[in-house]
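Architecture at a glance
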Amino acid sequence: MKNYHKSDFRKSCLKRLEFTSLFLKYYKNKIIVRELKNFIKQDGAKNILLYIPLGIEVDVKPLIVSLRKSKNINVYVPYMQGDSFKIVKYRLPLYKKKFGIKEPNNSFVKPAKIDLAIIPVVGVDALYKRIGYGKGMYDRFFDRLTYKPTMIFTQLVLCKSEQVLSDNYDIQADYIITN
């Protein structure tokens, strides 16, 4: 029965995100990206996992552009592979792949150990565990790591359940940045 509630919650969060006006998205994106920049500056993270945003996610592209200008920060993004993903350095051009997600080309260079992971969420449950799109890719990726980076969840509109909807394997936020 738990998964039934999780999928209903996911659907309601997706609806809320889809109906956020363009003006509000623009305004919220600016605020959230500014908060992320401040966090990164204070934290001193050098190897950062970001994501290439979909329309309902926080637009972190300005943050990626800003971080790439820094000589001492490496920006990584997911590259889908099998039931999860691996991380590759962010570089252009980007290509539209499975689920409409854009990715850079594959890379065989071993990435550095990630200090900070900035992760989009559809919602969070009472334990601040991630409710995503239901594919489990982030959960599998972090489960396979031998260390735990600091995790920040981002969301344009906080969609939080008062119930525990997550499973044991769902990843949990260290911080959530939303508006």
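A brief structural summary. (Residues numbered from 1 in each chain as written. Predicted model: local features only at pLDDT ≥ 70, side-chain atom pairs only at ≥ 80, totals over all residues. Heavy atoms only, no water.)

A word on unusual backbone geometry
Look at Tyr128: it is not a glycine, yet its phi comes out positive at around 60°. Structurally, Tyr128 is set in the loop between β7 (123–124) and β8 (130–131). For Tyr128, a relative accessible area of 39% gives the class partly exposed. (Helix = DSSP H or I, 4+ residues; strand = E, 2+ residues; numbered from the N terminus. Buried < 20%, exposed > 50% of the residue type's maximum accessible area, 1.4 Å probe, protein only.)

Considerations on the nonpolar core
Membership of the largest hydrophobic core comes to 54 residues, with the highest contact counts inside it found for Ile48, Leu49, Leu50, Leu63, Ile118 and Phe142. Aside from chain neighbours lying at most four places away, what touches Leu49 is Tyr76, Val77, Pro78, Phe85, Ile87, Ile114, Leu116, Ala117, Ile118, Phe141 and Phe142. (Core = buried A, V, L, I, M, F, W, Y, C linked by side-chain atoms within 4.5 Å. Contact = heavy atoms within 4.5 Å.)

Details of the state of the cysteines
As enumerated under the stated definition, the model contains one disulfide in all. Across the disulfide from Cys13 sits Cys159; the S-S distance is 2.1 Å. In this structure the cystine formed by Cys13 and Cys159 twists about its S-S bond by roughly -85°; its chirality is therefore left-handed. In this pair, Cys13 sits in helix α1 (residues 2–18) while Cys159 sits in the loop between β9 (150–155) and β10 (175–178), placing the two residues 146 residues apart along the sequence. Here the two residues Cys13 and Cys159 agree in accessibility, since each one is buried. (Disulfide = S-S within 2.5 Å.)

Overview of the sheet that holds β9
The strand order β3-β2-β1-β6-β9-β10 describes an open sheet built from six strands, whose pairing is mixed. What marks the edges here is a single partner per strand, and that holds for β3 (84–89) and β10. With strand direction ignored, the average angle separating the axes of adjacent strands in the sheet is 30°. Sheet topology note: the strand β1 (residues 47–49)/strand β6 (residues 116–120) ladder contains two bridges and is parallel. Bridge pairing in β6 links Leu49 to Ala117. Strand contacts of helix α4 (residues 137–144): β1, β2 (74–81), β3, β6 and β9, with the helix running at about 70° to β3, the strand carrying the most contacts. (Pairing = 2+ DSSP bridges. Axes fitted to C-alpha atoms, helices over the stretch in contact; angles between N-to-C directions.)

Topic: the pattern of salt bridges
Applying the stated criterion to the full structure yields five salt bridges. With a shortest N-O distance of 4.0 Å, Lys61 and Asp59 are connected by a salt bridge. You can call Asp59 partly exposed: its relative accessible area is 23%. In this structure, Glu162 and Lys160 form a salt bridge, with 3.9 Å as the shortest nitrogen-oxygen distance. Residue Lys160 is classed as partly exposed on the basis of its relative accessible area of 25%. Three or more residues joined by partner-sharing salt bridges are found here, namely Lys6, Asp167 and Asp170. (Salt bridge = Lys/Arg side-chain N within 4 Å of Asp/Glu carboxyl O.)

Considerations on the side chain of Lys129
Tracing the backbone shows Lys129 in the loop between β7 and β8. Nearest to the buried, unbridged Lys129 among oppositely charged side chains is Asp170, at 6.3 Å. A distance of 3.5 Å separates the side chain of Lys129 from the backbone oxygen of Asp167, its partner in a polar contact. Once you skip the residues sitting within four places of it in the chain, Lys129 turns out to touch Gly123, Val124, Phe153, Ser166, Asp167, Asn168, Asp170, Ile171 and Gln172. (Lys, Arg positive; Asp, Glu negative; His and termini not counted. Polar contact = N/O pair within 3.5 Å; in protein donor to acceptor, adjacent residues only side chain to side chain.)

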